[in-house]
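Residue strings, one per chain:
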Amino acid sequence: MEYVFDVFFDECFNKMERCGLMSRAGRRDIISHLNSVISGCIQGRQTASTQLAVGLAVTSAIDYHNRMKGDNYQVCLMGKYHNVLYIALRITWDWGLEDSAIVRNLLDEIFRCEKTFERLFLGALFGCNAPHFIAGWKSDFNDQDENLRAVVFFLHHSAKARAVYPTYSYAYQCLRQTKFIDVPIESCGKASPLRVALQASAPDIVLILLRHGANPCPDDGGASPVLSLLEKLADCENHCYPFQLVSCLKLLLRTIVMVELPYKPHVYAVRKEMFDSKYTALLEDGLLPPDQVYGIPSLKHMSRCTIRESLRENFQLPGSIVKLPLPRKLQKYIDLLD
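- Going by an unreviewed UniProt entry, the protein carries the name SOCS box domain-containing protein and comes from Anopheles maculatus.

Right, here's the structure in full:
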């Protein structure tokens with residue numbers, strides 16, 4: 001069966017112009033043909049399972065990309081030779097491939113060439129038409145909802161495979177291993193997906209990213225996400241706070257123990273006074289819990305943050321929360337759902 005898929009990619013791509021997969025229609029045409037080949041392999045061989053056939057198809061696409069890159073001194077030729085990976089990405093999602101090792105190999109190949117996963121994340125963050133204006137290409141998914149569900153699918157597999165990628169750390173001033181969910185988006189100022197979702201005031205996407213282990217304080221060189229939200233809310237006139245912004249803030253506050261006061265290196269008393277002068281209205285209106293700024297947070301909240309951080313570091317969010325020996329209500333609390 002491996003031979004069938006190898007021949008498919010060799011024959012299709014030899015006859016195709018280099019820009020043949022630049023358009024979404026061109027990619028969908030190849031995806032449709034490949035789906036037919038996969039279906040034929042499944043029906044033609046009694047022993048061939050769906051997962052086996054799909055896994056071989058995706059692996060064959062990765063191998064084709066590597067062969068073409070190897071013939072060019074390990075430099076990706078881009079064009080159709082790179083977009084074959086997005087054919088495989090769509091096939092992986094369409095058939096619900098369960099082999100996390102193969103999915104990780106595919107994500108690894110994409111990152112080696114692009115150093116980002118923006119073609120997967122942008123459509124989920126802004127809708128499937130936005131990537132065309134931001135990065136010059138059209139999403140392979142039908143709508144934002146489908147793209148978001150695909151992101152969750154790849155988040156699940158990347159966590160299961162414990163996938164990490166070298167990205168620049170502003171805290172350490174060097175390359176550090178970063179989880180798939182936190183890899184910066186190049187066309188959005190190299191901000192993490194969570195920061196982009198917060199800037200777009202999209203609480204539903206913020207919740208999905210936080211539940212799946214996004215770092216609430218991403219090391220992407222930007223200001224503290226909490227302080228950025230407070231800055232926006234403080235600029236609202238007459239205490240008229242946008243619901244979306246407030247929702248994003250409340251979600252983010254569920255994942256951090258304390259709000260660190262800015263204005264370093266001033267002493268604490270000076271920093272507190274400066275913070276009060278700017279954000280008193282937010283404290284008085286109940287948008288910012290005083291115990292997360294000046295006091296001592298509740299033991300319940302501190303426990304949630306500690307448990308989530310431990311699970312996040314071990315690629316266990318959110319799936320392993322239900323395995324904790326706790327009542328369902330507490331499990332939902334830890335999972336940011338209550």
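### Let's talk about helix H13 (residues 268-284)
Moving on, step 1. In a regular helix each residue adds 1.5 Å, so 17 residues correspond to 24 Å; H13 covers only 21 Å between its end C-alpha atoms and thus falls short of that length.
Moving on, step 2. Along H13, the sharpest kink reaches roughly 65°, centred on Lys-278.
Moving on, step 3. Along H13, the residues classified as buried are Arg-271, Phe-275, Tyr-279, Leu-282 and Leu-283.
Moving on, step 4. Buried positions along H13 lie against helix H11 (225-234).

### Structural notes on unusual backbone geometry
Moving on, step 1. The omega angle of the peptide bond from Lys-264 to Pro-265 is 10°, so this bond is cis rather than trans.
Moving on, step 2. You can see Pro-265 is positioned in the loop between helix H12 (243-253) and H13.
Moving on, step 3. Here the bond from Leu-317 into Pro-318 is cis, since omega is -10°, no more than 30 degrees from zero.
Moving on, step 4. With respect to the helices and strands, the residue Pro-318 is situated in the loop between helix H14 (299-313) and helix H15 (328-334).
Moving on, step 5. Even without being glycine, Tyr-73 reaches a positive phi, approximately 60°.
Moving on, step 6. Position of Tyr-73 relative to the elements: it lies in the loop between helix H3 (50-70) and helix H4 (80-95).
Moving on, step 7. A residue is classified by how much of its surface remains accessible, and Tyr-73, at 75% relative accessible area, is exposed.
Moving on, step 8. The phi torsion at Met-78 lies on the positive side, around 60°, for a residue other than glycine.
Moving on, step 9. Structurally, the position occupied by Met-78 is in the loop between H3 and H4.
Moving on, step 10. Residue Met-78 is classed as partly exposed on the basis of its relative accessible area, which comes to 38%.

### Quick look at the environment of Ser-187
Moving on, step 1. Looking at the secondary structure, you find Ser-187 in the loop between strand E2 (174-179) and helix H9 (193-199).
Moving on, step 2. Between the alpha carbons of Ser-187 and Ile-134 there is a distance of 7.0 Å; along the sequence they are 53 residues apart.
Moving on, step 3. Beyond its immediate sequence surroundings of up to four residues, Ser-187 is in contact with Glu-118, Leu-122 and Ile-134.

### Some details on the environment of Glu-231
Moving on, step 1. Within the fold, Glu-231 resides in helix H11.
Moving on, step 2. On the basis of relative accessible area, Glu-231 is assigned to the partly exposed category, the value being 32%.
Moving on, step 3. Discounting residues that sit within four places of it in the chain, Glu-231 has contacts with Lys-278 and Tyr-279.
Moving on, step 4. There is a polar contact of 3.2 Å between the side chain of Glu-231 and the side chain of Tyr-279.

### Some details on a nonpolar patch on the surface
Moving on, step 1. A contiguous nonpolar surface patch, about 340 Å² in accessible area, is contributed by Val-257, Met-258, Ile-296 and Met-302.
Moving on, step 2. Along the chain, Val-257 falls in the loop between H12 and H13.
Moving on, step 3. Under the relative-accessibility criterion, Val-257 is labelled partly exposed at 31%.

### Some words on the pattern of salt bridges
Moving on, step 1. Overall, the coordinates contain 15 salt bridges when judged by the stated rule.
Moving on, step 2. In this structure, the salt-bridge partner of Arg-195 is Asp-220, at a minimum N-O distance of 2.8 Å. In this pair, Arg-195 is assigned in helix H9 and Asp-220 in the loop between helix H10 (203-211) and H11, connecting sequence segments 25 residues apart.
Moving on, step 3. A residue is classified by how much of its surface remains accessible, and Asp-220, at 7% relative accessible area, is buried.
Moving on, step 4. Between Lys-278 and Glu-231 there is a salt bridge, and its shortest N-O distance comes to 2.8 Å. Of the two residues, Lys-278 sits in helix H13 while Glu-231 sits in helix H11, which places them 47 residues apart along the sequence.
Moving on, step 5. Each of Lys-69, Glu-109 and Arg-112 takes part in salt bridges that share partners, so that together they form one network.

Conventions adopted
Position numbers for residues count from 1 along each chain, tracking the sequence in the order it is written. Per-residue local features are limited, in this predicted model, to residues with pLDDT of at least 70; the limit for side-chain atom pairs, both in listing and counting, is 80 or more; totals at the level of whole chains, interfaces and linings are taken over all residues. Note: side-chain values were computed over all heavy atoms of the structure, leaving out hydrogens and water. By definition, any uninterrupted DSSP run of H or I lasting at least four residues is a helix, any uninterrupted run of E lasting at least two residues is a strand, and each is numbered from the N terminus. In this scheme, a helix's expected span is set at 1.5 Å multiplied by one less than its residue total. Think of it this way: the bend at a residue is just the angle between two axes, each fitted to seven residues, one set ending at that residue and the other starting at it. Only protein chains enter the accessibility calculation, which uses a 1.4 Å probe; a residue is then buried when its area is under 20% of its type maximum, exposed when over 50%, and partly exposed in between. Contacts between residues were defined by any pair of non-hydrogen atoms, one from each residue, lying within 4.5 Å. Polar contacts, as used here, are pairs of N or O atoms within 3.5 Å; protein pairs need one atom able to donate a hydrogen and one able to accept it. Residues neighboring in sequence count only if both atoms are side-chain atoms. A patch consists of residues exposed above 30% relative accessible area that lack any salt bridge, with like charges linked at up to 9 Å and nonpolar side chains (Val, Leu, Ile, Met, Phe, Trp, Tyr) linked at up to 5 Å. Per-residue accessibility takes into account occlusion by the displayed protein chains alone, with areas from the Shrake-Rupley method and a 1.4 Å probe. Definition used for salt bridges: Asp or Glu carboxyl oxygen within 4 Å of a side-chain nitrogen of Lys or Arg.

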